[in-house]
Amino acid sequence: MLSKMRRPLTALAMLLAAATAIPAQAQFSDSYKFLEAVRKKEGDKVTEALNEPGTQIINTKDYTTGQTALHIVVARRDLVWVQFLIGKGANVNARDNRGVTPLVAASEMGFLEGVDELIKSGARVDEANNTGETPLISAVHRKDLALVRMLIKAGANPDRPDNSGRSARDYAALDKGSPVLGELEKASKEAKSAAPKKTYGPSF
């Protein structure tokens, strides 16, 4: 009698164990399937999900990382998908669990085309991650002159400090002999001279 009772209980325990072994996100929710389709570059499935009436899935986040679809395609340096997702309404200023925006991620990698596209699409150039690191600070750490110039031209603040109190200019100054500081100063002057001058009083 006991052995007969144990069989269904054992089967039930196995089913429960199998269910708990699968992460909550992997219960194949629409969000999970959408992000998986983005990861696998399954354009048809992504388009189908985005075409659902009233859907907000474009900015859904991976529950473990907080990353959106835009974070995912930036991480693989995929400009075509970056442009596609932005065109579908992806939030260029979305932050993941570390406070990283797509622009911060692109800057950390030196993904120049992605940085350019994100800035053109309204990404905030001084948005920092949870440690206070801005895209410009990342560019200085990389000693990436082209990226420094691009961000300064877009209005990045070289004197905005991170959580340690150091700014992009401070980090550039610490790296003696690096051309980054000179480039930073030059780009800052050019950006200031290119800015429209303020006028006071009525103009005719």
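Residues numbered from 1 in each chain as written. Predicted model: local features only at pLDDT ≥ 70, side-chain atom pairs only at ≥ 80, totals over all residues. Heavy atoms only, no water.

Participant: I'm lost on the overall build of the protein in this one. Help?
Facilitator: Summing up its helical and strand segments, the protein has eleven helices and zero strands in all. Listed N to C, the secondary structure of the protein is α-α-α-α-α-α-α-α-α-α-α in terms of helices and strands. Taking all contacts inside the protein whose residues are at least 6 apart in sequence as the whole, residues at least 24 apart take part in 63%. For the protein, the computed accessible surface area is about 12100 Å², with 55% contributed by carbon and sulfur atoms. (Helix = DSSP H or I, 4+ residues; strand = E, 2+ residues; numbered from the N terminus. Contact = heavy atoms within 4.5 Å. Areas by Shrake-Rupley, 256 points an atom, 1.4 Å probe, with all protein chains shown as cover.)

Participant: Is there a simple way to explain helix 7 (residues 112-120) in this structure?
Facilitator: Along helix 7, the residues that are buried comprise G114, V115, E117, L118 and I119. Positioned one or two residues after helix 7, G122 has a phi angle of 100 degrees, which is positive. (Buried < 20%, exposed > 50% of the residue type's maximum accessible area, 1.4 Å probe, protein only.)

Participant: Explanation requested: the nonpolar core in the structure shown.
Facilitator: Counting residues in each nonpolar core, the largest one holds 47 residues, and the members touching the most others are F34, L70 and L118. With residues near it in sequence (within four places) discarded, L118 still touches L70, V74, I86, V92, P102, L103, A106 and A123. (Core = buried A, V, L, I, M, F, W, Y, C linked by side-chain atoms within 4.5 Å.)

Participant: What is the right way to read the pattern of salt bridges from this model?
Facilitator: It is possible for side chains bearing opposite charge to pair when their charged atoms get close. For the structure on display, the rule yields 13 salt bridges. The closest approach of N and O atoms between K40 and E36, which form a salt bridge, is 4.0 Å. With a relative accessible area of 54%, K40 lands in the exposed category. For R142, the salt bridge identified is with D144, shortest N-O distance 3.7 Å. Given the relative accessible area of 39%, R142 is considered partly exposed. (Salt bridge = Lys/Arg side-chain N within 4 Å of Asp/Glu carboxyl O.)

Participant: What exactly am I supposed to notice about helix 3 (residues 43-50) here?
Facilitator: Helical geometry note: an α-helix holds 3.6 residues per turn, so side chains three or four residues apart project in the same direction. Within helix 3, burial applies to V46, A49 and L50. Burial along helix 3 is one-sided: seen end-on, the buried residues are contained in an arc of 95 degrees. Helix 3 presents D44, K45 and E48 as exposed residues on the side facing more than 90 degrees away from its buried surface. Looking at the packing, one finds that the buried side of helix 3 touches helix 2 (30-39) and helix 5 (79-87). (Arc of directions from axis to C-beta.)

Participant: Can you help me understand the UniProt feature "repeat: ANK" (unreviewed entry) in the protein in this one?
Facilitator: The residues that UniProt annotates with the feature "repeat: ANK" (unreviewed entry) are residues 65-97, 98-130 and 131-163. Along residues 65-97 one finds 48% helix and 0% strand; the C-alpha atoms at either end are 6 Å apart. (UniProt positions renumbered as here; feature names shortened; annotations may be inferred.)

Participant: Just checking my understanding: could you explain the packing of helix 6 (residues 102-109) against helix 8 (residues 135-142) for this structure?
Facilitator: Geometrically, a packed helix pair is captured by the angle between its two axes and the distance between the axes. Axis separation between helix 6 and helix 8 bottoms out at 8 Å; the angle between their running directions is 10 degrees. Taken together, helix 6 and helix 8 sit at an angle that is classed as roughly parallel. Contacts from L103, V104, S107, E108 and M109 in helix 6 reach P135, S138 and R142 in helix 8. Looking at the contact of helix 6 with helix 8 residue by residue, the classes come out as four nonpolar, two polar and two charged. (Axes fitted to C-alpha atoms, helices over the stretch in contact; angles between N-to-C directions. Parallel < 35°, antiparallel > 145°, perpendicular 65-115°, else oblique. Nonpolar A, V, L, I, M, F, W, Y, C, P; charged D, E, K, R; others polar.)

Participant: What's the story with a negative patch on the surface in this structure? I'm lost.
Facilitator: On the surface, a cluster of negative charge is contributed by D30, D44, E48 and E52. Tracing the chain through its elements places E52 in the loop between helix 3 and helix 4 (69-75). The class for E52 is partly exposed, based on a relative accessible area of 48%. (Patch = residues over 30% accessible without salt bridge, like charges linked within 9 Å, V, L, I, M, F, W, Y side chains within 5 Å. Lys, Arg positive; Asp, Glu negative; His and termini not counted. Charge placed at Lys NZ, Arg CZ, Asp CG, Glu CD.)

Participant: Is there a simple way to think about the confidence of the model for the protein in this case?
Facilitator: Low-confidence regions, as indicated by low pLDDT, have predicted coordinates that should not be scrutinised in detail. On average, residues of the protein score 86 in pLDDT, and 79% of them reach the 70 mark or higher. Note on residues 19-27: pLDDT is under 50 here. Beyond four places in sequence and across chains, it has nine contacts. (pLDDT = per-residue confidence, 0-100.)

Participant: I keep staring at the side chain of N129 and nothing clicks. Help me out?
Facilitator: Positionally, N129 belongs in the loop between helix 7 and helix 8. By relative accessible area, N129 is classed as buried at 10%. There is a polar contact of 2.7 Å between the side chain of N129 and the side chain of T131. For N129, the residues in contact, after removing those within four places along its chain, are R95, R98, G99, V100, V104 and E108. (Polar contact = N/O pair within 3.5 Å; in protein donor to acceptor, adjacent residues only side chain to side chain.)

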